[in-house]
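Each chain is listed here by its residues.
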Amino acid sequence: MMTLLAPPPSVLSSPQRRCQVLLMLYLPGQTVTPEIVGRVNGVDGAIARQDIAETSDEIQRYHRLNIITQQDGSYRIEGTALDRRLCLLHWLRRALRLCPDFVQHNFTPALKSELRQHGIAKALYDDTNLHALVNLCARRLNRQFETRDREFLRLYLQYCLVQHHYGQTPEFSEPQLVWMRMRAEYLAAQEIVRHWQRRVAQAPHINEHCFLALLFMMLRTPDPLRDCHPQDLRLREAITGMIARFRELSGMAFSDEQGLADQLYVHLCQALDRSLFGIGIDNTLPEEITRLYPRLMRTTRNAFSTFEEEYGVTFSDEEVGLVAVIFGAWLMQESDLQEKQVLLLTGNNEALEMELEQQLRELTLLPLNIKRLTLHAFQQEGAPKEVALIVTPYTTSLPLFSPPLIHAAEMPLGDHQRQRIRELLEH
């Protein structure tokens, strides 16, 4: 078992400690217990166990992995080889930012030691050779890797070598394989495969080739001005169709569709990869968007349908929520509109008030800031000056100077009221 070097106590933030927990779990031959985690991270047992639990929650949410407790009380990561690799891809890049000393003094030596112990040819993991190989792949892709990405790739390729030696090769579905073979990164990955083939008796499994292509796909920063691979052009065309569909469904136009298309291109390049390979994102967003902007979320989901058919992917509510935010921001920006302030006057029927608020949110795709004020306070204080509209289900008199007031005596709102409210909110 490898001896881990412990940093001085109480110097690490919670994100740094979780990074080190995760990397410990990936170290070959390393036993991970709360006591070892506490010693390495300089914390007591309770904090160590909390860090492990929080790390487990995060990798379960984003990568479908679990940290399980074994019979001897130690921990290990449970999940598919593909999910484990994609998880480390994300966390090792994060660790190079947050805890580079741990990477340098613990993770890197452990990988080198494992490669030596299994007699893997030194030429495969020699830093000079790996540096040259990464540079060759960069030229094939016409990219410039940043220093930290070069360091990451040299390390991560060594990890892939260890996993390949163990026979821990990722499994892919047929749509995933087709997707990777169509990408420019697949050709660049051939350089690494050739390098490995020259020094081992058995050629790497085709899935290793595909995973290396996926690795470069995950490191890609989309550029709408320079990207010209056939798949990039296909995506641009699909986005143009989605914008047209959104315009048709919403009845609202964008004055700079090219700017919107560029932003959607950058976002959807990465969203497609996440959706195809089961990588999660923050799951707190769609519930909030659905509650606050139900029509925007629904319109975005409907506009997505043809796009999803084109790529054979069903986007999660989380992913649709992010695109809805992009559409909503461009509607606001292009209309030069500010978030409209709506005052909802309240009384003694909370269910009726909530129904009225939901109907207001259903009327427009634009963001609304709906504030509540009791009828009594309104009669005493009037409406704040930034309010564009007052609505209430209760009968009330208006002060001398007041924004327009809609008295919604019956639910649902009538057609005339709905039209009047939209005019006030969208102009």
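Every value quoted in this text rests on a predicted model; they were computed, and no experiment measured them.

Right, let's get into the packing of aromatic side chains. Enumeration over the complete set of coordinates arrives at 14 aromatic pairs. Each residue in the set Y26, F152, Y156, Y159 and F211 is aromatic and connected to the rest through ring pairs, giving one cluster. Of note, R85 hangs over the ring of F211, and the distance from its end group to the ring centre comes to 4.9 Å. A cation sits over an aromatic face here: R94 above W91, 4.3 Å from the ring centre.

The subject of this paragraph is the side chain of R361. By the secondary structure assignment, R361 is in helix α17 (residues 350-363). Judged by relative accessible area, R361 falls into the buried class, the value being 5%. Apart from residues no more than four positions distant in its own chain, R361 is found in contact with R291, L292, P294, R295, L368 and I370.

If you check the domain split of the protein chain, you get domain 1 (119-217), domain 2 (230-332) and domain 3 (341-426). The C-alpha-based centres of domain 2 and domain 3 are spaced at 31 Å. Tallying the contact residues gives 14 residues for domain 2 and eleven residues for domain 3. A combined buried area of about 1,100 Å² lies between domain 2 and domain 3, and 61% of that area is made up of carbon and sulfur atoms. At the surface where domain 2 touches domain 3, the tally comes to one salt bridge. The partner of E362 in a salt bridge is R298, and the shortest N-O contact between them spans 2.7 Å. The interface formed by domain 2 and domain 3 holds three residue pairs in polar contact (both at pLDDT 80 or more) in total. Looking at the side of domain 2 that touches domain 3, the elements that each hand over two or more residues are α12 (230-250), α14 (285-292), α15 (294-311) and α16 (317-335). At five residues, the largest contribution of residues to the side of domain 2 that touches domain 3 is made by α15. Tallied by class, residues from the side of domain 2 that touches domain 3 come to eight nonpolar, three polar and three charged.

Once that is clear, we can look at helix α1 (residues 14-26). With 13 residues, α1 ought to run about 18 Å at 1.5 Å a step, and its terminal C-alpha atoms sit 19 Å apart, in line with that. Most of α1 sits inside the fold, with eleven of its 13 residues counted as buried. Residues of α1 that are buried: Q16, R17, R18, C19, Q20, V21, L22, L23, M24, L25 and Y26.

Attention now goes to unusual backbone geometry. Geometrically, the link from M411 to P412 is a cis peptide bond, its omega value of -5° lying close to zero. Its place among the elements puts P412 in the loop between β6 (405-407) and α19 (415-426). The backbone of R64 sits at a positive phi, close to 60°, despite the residue not being glycine. Looking at where R64 falls in the secondary structure, it is placed in the loop between α3 (45-63) and β1 (66-69). Accessibility expressed as a relative area gives 46% for R64, which makes it partly exposed. Although it is not a glycine, N142 sits at a positive phi angle of roughly 55°.

Rules of the game
- Residues numbered from 1 in each chain as written.
- Predicted model: local features only at pLDDT ≥ 70, side-chain atom pairs only at ≥ 80, totals over all residues.
- Heavy atoms only, no water.
- Phe/Tyr/Trp six-rings, centres within 6.5 Å; stacked < 30°, edge-to-face > 60°.
- Lys NZ or Arg CZ within 6 Å of the ring centre and 35° of its normal.
- Helix = DSSP H or I, 4+ residues; strand = E, 2+ residues; numbered from the N terminus.
- Buried < 20%, exposed > 50% of the residue type's maximum accessible area, 1.4 Å probe, protein only.
- Contact = heavy atoms within 4.5 Å.
- Domains from an automatic or database assignment.
- Buried area = accessible area lost by both parts, 1.4 Å probe.
- Salt bridge = Lys/Arg side-chain N within 4 Å of Asp/Glu carboxyl O.
- Polar contact = N/O pair within 3.5 Å; in protein donor to acceptor, adjacent residues only side chain to side chain.
- Nonpolar A, V, L, I, M, F, W, Y, C, P; charged D, E, K, R; others polar.
- Expected span 1.5 Å × (residues − 1).

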